[in-house]
Amino acid sequence: MGKRIVNLLVGPESDGMRLDAFLAAADGMPSRSACAKLVEAGSVQINTCPATSKSEKVLLGDRVQAEIEDAPADAGGLLAPNPYIPLDVRFEDDYLLVISKQEGLVCHPSPGHVDDTLANALVARCGYEHLGMLQGEERPGIVHRLDMDTSGLMVAAKDDATQKALQDLIRMRVLDRRYITLVHGYVARDEDTIVTGIARSTRDRLRMAVSDAPGAREAITTYRTLERFEAGTRDEGYSLLECHLYTGRTHQIRVHMRHTGHPLVGDQLYGRGDDRVNLGLRRQFLHSWSIAFDHPATGERIERCDRLPDDLLAILNQIGERSMGRTEAGERICPLLGCDV
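Residues numbered from 1 in each chain as written. Predicted model: local features only at pLDDT ≥ 70, side-chain atom pairs only at ≥ 80, totals over all residues. Heavy atoms only, no water.

Some points on the overall build of the protein
Part 1: Each helix and strand counted, the protein has seven helices and 15 strands in total.
Part 2: The globule rule puts the C-alpha radius of gyration for 341 residues at 20 Å, and the 22 Å found for the protein is close to it.
Part 3: By its C-alpha atoms, the protein is 60 × 50 × 40 Å across when sized along the principal axes.
Part 4: Counting every position in the protein, which comprises 341 residues, the buried fraction comes to 49%.
Part 5: In the form shown here, the protein has an accessible surface area of approximately 16,400 Å², with 47% of it arising from carbon and sulfur atoms.
Part 6: Across the protein, the mean location of the 41 positive side-chain charges is 5 Å away from that of the 51 negative side-chain charges. (Helix = DSSP H or I, 4+ residues; strand = E, 2+ residues; numbered from the N terminus. Rg over C-alpha atoms; globule rule 2.2 N^0.38 Å. Buried < 20%, exposed > 50% of the residue type's maximum accessible area, 1.4 Å probe, protein only. Areas by Shrake-Rupley, 256 points an atom, 1.4 Å probe, with all protein chains shown as cover. Lys, Arg positive; Asp, Glu negative; His and termini not counted. Charge placed at Lys NZ, Arg CZ, Asp CG, Glu CD.)

See below:
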C-alpha cells in the first residue's frame, strides 16, 4: 500500500472542532472512525507534535498533518480493500480471526454497501490470497454473519479448509454462540427451548417468519433469563436474556422472540415502533457476547467473551432501578457483560 501526507490548516470555520471531526471533513480523508484510528496509531501531528487524542480540539491557525495508507488499486479480487474500517480483533493466527463487529457494519457487499463492509476490511487486513473463498469472491473469509445492527463476536477464516471446518462445526452444533438481548415483557420461564421452522415471509420479503411450510428450515434457540424489570406507565416491563443458537437461520433470535410475544427492544423490523417503549434505542438490542470452539487446525480451545457496547449498557442503566432481581445465571453472567461497572 502507498502512503501519502495530507497537510491541513485550521480556518475560522473549524476553530474549536474535535480533531477526528476536523480530519473527516477534509477532502480526500476517510471516515471519522478511520481518522480516529489514525490518531490512535500516531499518524497525526498538530504543529509538528503528535496528536494525543481524537477528541483534542483544533484551534485557528493550527497546522495538522496526517499520514494515510492508501489501498492498492488492484486488490486481486472483486472487492476493494478498505483499511479505514476498524477491526476489533480478539484472536488471530495463520488460520482464522475472531473479531468483535461494531454495530452498523454490514458483513458483505449488498445494495447500498459496496466498499464499506466487513469483507472489505478483511481483504485490506489479510489480502484475497489469505481468506477462505468457499462462499464466493464477494464474501471472502465469511463463515457466519451478524445483522448490520447486531454487534459482537464472530469468526472469519483465512483459507478454504478452515472455512469449511468452521462451517462444519456450526452444522454439527458444536460451535458455541451465545447472544445477549433485552426483550419486551415479563419472560416467566428461567430457561426454555424454541424449535420451529423459519422461512421468508409471504407478506413482506424483507422479513423472515415462523413457518411449517415445506421449504421452512429448522431453527433451534435456547434461552436463559438473566434479569427482569418491572413494568412502567408506558410499557409492560423488560427481560434480559442469554440466547444460545444451535442453528443459524436469518434473523433467528429476532423471529423466535417475536413468535413468543417478546420482541427485541429497538428492533425496527420485528419489534414495536414506539421509541418510548424502545427506551430510545433505534437498533435491536442484540449482542454476540460469547463464542467457543475447538480450533480446527491446532485443536486449541478458543473461548472469547465480549462485554456489551456502551449504547446497550446505557439502556440497562436507564432501567436499572426497575430491576426485579437477577436469576442465578444472571448473577454469574451480568458482571461479565460490564453491567456492574
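Observations concerning the pattern of salt bridges
Part 1: Summed over all chains, the structure comprises 26 salt bridges.
Part 2: A salt bridge links Asp176 to Arg178; its shortest N-O distance comes to 2.7 Å.
Part 3: Via salt bridges that share partners, Asp176, Arg178, Arg224 and Glu242 belong to a single interconnected network. (Salt bridge = Lys/Arg side-chain N within 4 Å of Asp/Glu carboxyl O.)

Some remarks on helix H2 (residues 32-40)
Part 1: Among all positions in H2, only Ala34, Cys35, Ala36, Leu38 and Val39 are buried.
Part 2: Tucked inside the fold, the buried residues of H2 contact helix H1 (19-25), strand S2 (44-46) and strand S4 (63-69).
Part 3: At the C-terminal side of H2, Gly42 shows a positive phi close to 80°. (Contact = heavy atoms within 4.5 Å.)

Thoughts on unusual backbone geometry
The phi angle of most residues is negative, glycine excepted, and most peptide bonds adopt the trans form.
Part 1: The backbone of Thr48 shows a phi angle near 70°, a positive value even though the residue is not glycine.
Part 2: Within the secondary structure, Thr48 is located in the loop between S2 and strand S3 (49-50).
Part 3: The phi dihedral of His251 is positive, around 60°, even though this residue is not glycine.
Part 4: In this structure, His251 sits in the loop between strand S12 (238-245) and helix H5 (252-259).
Part 5: What makes His251 buried here is its relative accessible area of 15%.

With respect to the sheet that holds S3
Part 1: Ordered by their spatial adjacency, four strands build an open sheet running S1-S4-S2-S3, and the pairing between neighbours is antiparallel. Each of the sheet's edge strands pairs with one partner strand only, and the pair in question is strand S1 (3-9) and S3.
Part 2: For S2 and S4, the ladder comprises three bridges, and the chain directions are antiparallel. When the bridges of S4 are listed, Val44 appears paired with Ala66. (Pairing = 2+ DSSP bridges.)

Let's talk about the nonpolar core
Part 1: Ranked by size, the top nonpolar core spans 31 residues in total, and within it Leu118, Leu122, Leu241, Ile253 and Met257 carry the most contacts.
Part 2: Only strand S6 (96-101), helix H3 (118-126), strand S7 (151-157), strand S8 (176-184), S12 and H5 provide two or more residues apiece to this core.
Part 3: Sorting elements by how many residues they give to this core places H3 first, with six residues.
Part 4: Contacts of Leu118, omitting those with residues within four sequence positions, involve Leu87, Ile99, Leu105, Val106, Cys107, Ile142 and Met154.
Part 5: By size, the runner-up hydrophobic cluster in this structure holds 23 residues, among which are Ile180, Leu182, Leu226 and Cys334. (Core = buried A, V, L, I, M, F, W, Y, C linked by side-chain atoms within 4.5 Å.)

Details of the confidence of the model for the protein
Part 1: Considering every residue of the protein, the mean pLDDT works out to 91; 96% of them sit at 70 or more.
Part 2: Per-element averaging of pLDDT across the protein places H2 at the bottom with 80 and strand S13 (residues 286-294) at the top with 98. (pLDDT = per-residue confidence, 0-100.)

A closer look at the side chain of Asp267
Part 1: The topology assignment puts Asp267 in the loop between H5 and S13.
Part 2: You can call Asp267 buried: its relative accessible area is 1%.
Part 3: For Asp267, the side chain forms a polar contact with the main-chain nitrogen of Tyr270, separated by 3.1 Å.
Part 4: When near neighbours in sequence (up to four residues on either side) are disregarded, Asp267 contacts Arg254, Arg272, Arg283 and Gln284. (Polar contact = N/O pair within 3.5 Å; in protein donor to acceptor, adjacent residues only side chain to side chain.)

Concerning the packing of aromatic side chains
Part 1: Counted by the stated rule, this structure contains zero aromatic pairs.
Part 2: It is Arg228 that lies over the ring of Tyr186; its NZ or CZ is 5.2 Å from the centre. (Phe/Tyr/Trp six-rings, centres within 6.5 Å; stacked < 30°, edge-to-face > 60°. Lys NZ or Arg CZ within 6 Å of the ring centre and 35° of its normal.)

Concerning the environment of Leu38
Part 1: Summarising the element assignment, Leu38 is placed in helix H2.
Part 2: We classify Leu38 as buried; its relative accessible area is 10%.
Part 3: A C-alpha to C-alpha distance of 8.9 Å links Leu38 and Asp20, two positions 18 residues apart in sequence.
Part 4: Excluding residues that lie within four positions of it along the chain, Leu38 makes contacts with Met29, Pro30, Ser43, Val44, Glu67 and Ile68.

Structural notes on the environment of Arg205
Part 1: Within the fold, Arg205 resides in the loop between strand S9 (191-200) and strand S10 (208-210).
Part 2: You can call Arg205 exposed: its relative accessible area is 55%.

Quick notes on the pairing of S6
Part 1: The element S6 is largely enclosed, with a buried count of six among its six residues.
Part 2: The two faces of S6 match: Leu96, Val98 and Ser100 on one face and Leu97, Ile99 and Lys101 on the other face are all buried.
Part 3: Connecting strand S5 (residues 88-92) to the next strand, S6, in antiparallel fashion are three residues.
Part 4: Relative to S7, S6 runs antiparallel, the two being bridged by six bridges. Within the sheet, the bridge partner assigned to Leu97 lies in S7 and is Ala156.

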